[in-house]
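# Breakdown of the fold
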Amino acid sequence: LPSLNDGSASGGPLYVKLQRLIETAVRDGMLQPGDALPPERELATIADISRVTVRKAVQGLVTTGLLVQRHGSGTFVAPRSERVEQSLSHLTSFTEDMARRGMIVRSTWLDRGIYPPSPEEMVTLGLSSGEKVARISRLRVANDTPMAIERAALSIQVLPNPELVTLSLYAVLAEGGNRPARAIQRISAAILKEADAKLLEVPAGSASLNIERISYLESGKVIEFTRSIYRADAYEFVAELKLGD
Ligand code: 16G
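## Focus on the site of the ligand
Near the ligand there are 16 residues, and of these T95, E150, S168, L169 and E224 occur at the shortest range. In the model, an oxygen atom of the ligand is placed 3.0 Å from a nitrogen or oxygen of the F94 main chain. A total of 450 Å² of accessible area belongs to the ligand in isolation, and the protein chains cover 99% of it. For the shell around the ligand, the secondary structure elements donating two or more residues are α4 (94-100), β5 (133-142), α6 (169-175), β8 (207-216) and β9 (222-231). Here the shell around the ligand is composed, by residue class, of six nonpolar, five polar and five charged.

Given below as structure tokens:
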């Protein structure tokens, strides 16, 4: 592990740099599932950063599921799951989620264009009468495995030209200064209809996790209303629960 505290401003905050190093080590097999991470104080010394920074980096990777902490015995690389584990506490895009795991993302376009909104889209996105909606529908594929069918409806104020979305919707939104700041997500179980099962390459009647995401800008304006159908055998959602009132 090199010293991270070389004073260079590139690559973002120190804890992010450390996270990238750990992610790369796991991806390249230098750290295997089940391997223990060196103790916090040792990591801090070799990387020449504070223990607080190490802790922040490690906590982040525990939340995203790459690392697990066992009380009293330390931090380990999480065992490889059959499913992709997705944290429920971070507002990330599919491209980011898969890239973090070193998976290659591909999308098959099902539809992309400007349409008159459905009554539901009109209400959810708060469109005024006559206002159109941008729709993008994709089959999302990671490492050649179809993961989800995603049908997104967006206000044309943030996505006037859906054709601009080639890889990542959130990247296009971010370029326009419209990266969602908050989202509400609902997950429910369902059985795949024949056409959707075919796209996802599973037998008709297989289970799916259906997700509805409504995303907001910092200002509180709704910009995205997306329905996703995830393969239940390929995806698993994980949330960290804290004691509260
Ligand atoms: C995620 C979001 C979806 C968003 C997409 C953007 C869920 C359930 N859905 O898949 O709402 O539109 O990311 O991904 O997480 P992109 O930037 O890769 O196109």
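## Topic: the packing of helix α2 (residues 40-47) against helix α3 (residues 51-63)
At a minimum axis separation of 9 Å, α2 and α3 run at an interaxial angle of 115 degrees. When the axes of α2 and α3 are compared, the pair comes out roughly perpendicular. When you trace α2 past α3, the crossing you get is right-handed. Judged by residue contacts, E40, R41, L43 and A44 of α2 engage R51, V54 and R55 from α3. Across the contact of α2 with α3, the residue classes break down as three nonpolar, no polar and four charged.

## Observations concerning the confidence of the model for the protein
Averaged over every residue, the pLDDT of the protein is 89; the share at 70 or more is 96%. Reported confidences for the modelled complex are a pTM of 0.70 and an ipTM of 0.96.

## Describing the side chain of S93
Relative to the helices and strands, S93 resides in the loop between β3 (84-87) and α4. Given a relative accessible area of 7%, S93 falls into the buried group. Residues within four places of S93 in sequence aside, it is in contact with S168, Y170 and R179.

## Details of the packing of helix α1 (residues 14-27) against α3
One can describe the packing of α1 onto α3 by two numbers: an axis separation of 8 Å at closest approach and a directional angle of 50 degrees. By the angle class used here, α1 and α3 are oblique. Handedness of the crossing formed by α1 with α3: right-handed. Together, L14, Y15, L18, Q19, I22 and E23 of α1 and T53, V54, K56, A57, G60 and L61 of α3 make up the contact between the two elements. Across the contact of α1 with α3, the residue classes tally to seven nonpolar, three polar and two charged.

## Comments concerning the nonpolar core
Ranked by size, the top nonpolar core spans 17 residues in total, and within it L18, I22, L31, L37, I49, V54 and L67 carry the most contacts. Of all the secondary structure elements, the ones that give two or more residues to this core are α1, α2 and α3. Core analysis: the next-biggest nonpolar cluster, separate from the first, contains 14 residues, V84, M147, I211 and F237 among them.

Reading the values: rules and limits
- Residues numbered from 1 in each chain as written.
- Predicted model: local features only at pLDDT ≥ 70, side-chain atom pairs only at ≥ 80, totals over all residues.
- Heavy atoms only, no water.
- Near = heavy atom within 4 Å.
- Polar contact = N/O pair within 3.5 Å; in protein donor to acceptor, adjacent residues only side chain to side chain.
- Areas by Shrake-Rupley, 256 points an atom, 1.4 Å probe, with all protein chains shown as cover.
- Helix = DSSP H or I, 4+ residues; strand = E, 2+ residues; numbered from the N terminus.
- Nonpolar A, V, L, I, M, F, W, Y, C, P; charged D, E, K, R; others polar.
- Axes fitted to C-alpha atoms, helices over the stretch in contact; angles between N-to-C directions.
- Parallel < 35°, antiparallel > 145°, perpendicular 65-115°, else oblique.
- Left-handed = near helix turned anticlockwise from the far one by under 90°.
- Contact = heavy atoms within 4.5 Å.
- pLDDT = per-residue confidence, 0-100.
- Buried < 20%, exposed > 50% of the residue type's maximum accessible area, 1.4 Å probe, protein only.
- Core = buried A, V, L, I, M, F, W, Y, C linked by side-chain atoms within 4.5 Å.

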